[in-house]
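Fold and contact review
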Amino acid sequence: MTQQKTTSILLLTLLALLNISTPAAAAAANKKLCIKMSRGKELKEKLATESNVLLVLGNDDDDKTYKELCDRLEGTPPGRVKDFEIAFVKDSNMRRNVMNKAAPPSLGLIGTAEKFVLDLITGAPPPKTEISYPEYVLYKTSNPEAGIRFVGGATIENDDEGKQMADAVSDFVSEQLQTKKIGSFVYALGSYDMVAAQIMKYETGSWQQRFWAEGVAKMLQTMFLKYPIASLLSTTTPVMEFEMELITNYIKIGQKVVEKGKNYPKEQVKRLEEMLENDDKSISELKKESMSQRVYTLKRFSEPEKFADKDIMSFLVKIGMNLLTLLLMLVMIPMMFLSSPEDDEEEEEEKEEKAGAEMEDPDKEEEENDEGSDSGTPLLTKQEKKALAIQRAKESMKEDKENVQKVLQKNGGK
């Protein structure tokens, strides 16, 4: 009997341990960890499974930037990095093969000019040309044959070189894959931070508060033309979707402040923070990140920044100018395409009349009359000369049209 009790206790203990360790094991399984590669075959297998891969080519896997990138990857909600891996490559043959095919991102003429100006403003270092490890090469599932080489750098302002370089590499990956940066981050929009501050500045329900919450906020939204255009063309990226959602949150919170009062943001922050603190593992990592972002946006209202009056006035003037430019474009573009065939015919007739008038010159008329009288040529009346000039102009224009048509037919035949 005692032996049976002992066996039962051991089984219960084992089951309890399994129940305790299962959630932790499941959580660990969901987290993304960096891997190591030594053969090109491993890279092809990863790309075949629809996973984009950032290769870190280096001599030492204890590199600060690599470790920082791995920490950020591990801390990213699994839902955002299900199709992304970071792999360290130390093998010299594989590094050489990768770098032989890798090329910097294609920016185009306009993109190159924009980057040049931005680098001048921010003081970013010049792009890398020679190979110096560690190197960072991104392989996308859409183009598995050749990688995209990170040729940027970080402006080192303090001793934390690893974090700053990791920021630069994360920006590069985010731009190429059109996703949010790896890591768990919260974001703010500078323009809407000013709107939030002004909404909280004025009395609840006042016309000034409504002006900012319902006027300026929505006018500002119309200026982000890339979002409606992308939606129309079905080219919206995850980053655009996130940014549109962020703008919508700012606008909705501003409207709620007008309706419910200036305590609304603070009350919502308290409610959401309590939910996050009392989390019993029922909230997914992706949902936690979304809630943290909402808390951060609410705090842009409950703890607003301070702006000088001249900055606010400058901000309003810029919005007004941009809105005016947009309206002019909306008016002018249709007018450019509304030119009717009748207008073209009228212009042609005017040209013919002008050509006839130019050929009729009083001084030349007298000279021609003199020459005609000397040589015995019959003199023409003024009306006859005018009619002759118009006839010659028409014949000349007709001949020009025929020549143009011949050239067009010739080119079309080719």
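Being a predicted model, the structure only gives us computed values, none of them experimental.

Attention now moves to a negative patch on the surface. A surface patch of like charges, here negative, comprises Glu395, Glu399, Asp400 and Glu402. If you trace the backbone, Glu395 turns up in helix α16 (residues 382-413). Overall, Glu395 belongs to the partly exposed group, its relative accessible area being 45%.

Moving on, we come to the packing of aromatic side chains. Inspection of every chain in the model, using the stated rule, returns 7 aromatic pairs. Aromatic pair Tyr136 and Phe150: ring centres 6.1 Å apart, planes at 75 degrees, arrangement edge-to-face. With Tyr136 in strand β4 (residues 135-140) and Phe150 in the loop between β5 (143-149) and α6 (161-177), this residue pair connects regions lying 14 residues apart in the sequence. With a relative accessible area of 4%, Tyr136 lands in the buried category. We classify Phe150 as buried; its relative accessible area is 7%. Between Trp212 and Phe315 the ring centres are 6.3 Å apart and the planes differ by 10 degrees, which places this aromatic pair in the stacked class. Separated by 103 residues along the polypeptide, Trp212 in helix α8 (residues 207-222) and Phe315 in helix α13 (residues 309-336) bring together distant segments of the chain.

This part covers the state of the cysteines. If you walk through the whole model with that rule in mind, you get 1 disulfide. One disulfide in the model links Cys34 with Cys70; its S-S distance is 2.1 Å. Here Cys34 and Cys70 share a disulfide; its torsion about the S-S bond, -115 degrees, makes the bridge left-handed. Of this pair, Cys34 sits in the loop between α1 (2-30) and β1 (35-37) while Cys70 is found in helix α3 (residues 64-75), placing the two residues 36 residues apart along the sequence.

With 17 residues, α6 extends 24 Å from end C-alpha to end C-alpha; this agrees with the ideal 24 Å at 1.5 Å per step. Within α6, 12 of the 17 residues are buried, leaving the element largely enclosed by the surrounding structure. All of the buried residues in α6 are Gly162, Gln164, Met165, Ala166, Ala168, Val169, Ser170, Phe172, Val173, Ser174, Gln176 and Leu177. Positive phi appears at Gln178, one or two residues downstream of α6, with a value of about 55 degrees.

Glancing now at the sheet that holds β4. Sheet strands pair by backbone hydrogen bonding; their relative direction is either parallel or antiparallel. Reading across the sheet, the 5 strands line up as β1-β3-β2-β4-β5 and stay open at both edges, with mixed pairing between neighbours. With one partner strand each, in any of the chains shown, β1 and β5 form the two edges of the open sheet. Between one strand and the next, the sheet's axes are offset by a mean angle of 30 degrees, whatever the strand orientation. Strand contacts of α6: β2 (52-57), β3 (84-89), β4 and β5, with the helix running at about 20 degrees to β4, the strand carrying the most contacts.

We now examine the side chain of Thr76. Its location among the elements puts Thr76 in the loop between α3 and β3. At 2.5 Å, the side chain of Thr76 forms a polar contact with the backbone nitrogen of Gly183. The residues contacting Thr76, other than those within four sequence positions of it, are Val81, Ile182 and Gly183.

Counted residue by residue, β4 has 6 buried out of 6 residues, so it is predominantly covered. Residues of β4 alternate between two faces, with Glu135, Val137 and Tyr139 on one and Tyr136, Leu138 and Lys140 on the opposite face, all of them buried. When β2 meets β4, the two strands line up antiparallel, connected through 5 bridges. When the bridges of β4 are listed, Val53 appears paired with Tyr139. Where β4 and β5 come together, 3 bridges link them in antiparallel fashion.

Helix length check: helix α11 (residues 264-277), at 14 residues, gives a terminal C-alpha distance of 20 Å against a target of 20 Å (1.5 Å per residue), a fit within 8%. Residues of α11 that are buried: Tyr264, Pro265, Gln268, Val269 and Leu272. Down the axis of α11, the smallest arc covering the buried residues is 125 degrees, so these residues share one side. What points out from α11, more than 90 degrees from its buried face, is the exposed set Lys266, Glu267, Lys270 and Glu277. The inward-facing, buried residues of α11 abut α7 (190-201), α10 (238-260) and α12 (285-302).

The rules we used
- Residues numbered from 1 in each chain as written.
- Predicted model: local features only at pLDDT ≥ 70, side-chain atom pairs only at ≥ 80, totals over all residues.
- Heavy atoms only, no water.
- Patch = residues over 30% accessible without salt bridge, like charges linked within 9 Å, V, L, I, M, F, W, Y side chains within 5 Å.
- Areas by Shrake-Rupley, 256 points an atom, 1.4 Å probe, with all protein chains shown as cover.
- Salt bridge = Lys/Arg side-chain N within 4 Å of Asp/Glu carboxyl O.
- Lys, Arg positive; Asp, Glu negative; His and termini not counted.
- Charge placed at Lys NZ, Arg CZ, Asp CG, Glu CD.
- Helix = DSSP H or I, 4+ residues; strand = E, 2+ residues; numbered from the N terminus.
- Buried < 20%, exposed > 50% of the residue type's maximum accessible area, 1.4 Å probe, protein only.
- Phe/Tyr/Trp six-rings, centres within 6.5 Å; stacked < 30°, edge-to-face > 60°.
- Disulfide = S-S within 2.5 Å.
- Expected span 1.5 Å × (residues − 1).
- Pairing = 2+ DSSP bridges.
- Axes fitted to C-alpha atoms, helices over the stretch in contact; angles between N-to-C directions.
- Contact = heavy atoms within 4.5 Å.
- Polar contact = N/O pair within 3.5 Å; in protein donor to acceptor, adjacent residues only side chain to side chain.
- Arc of directions from axis to C-beta.

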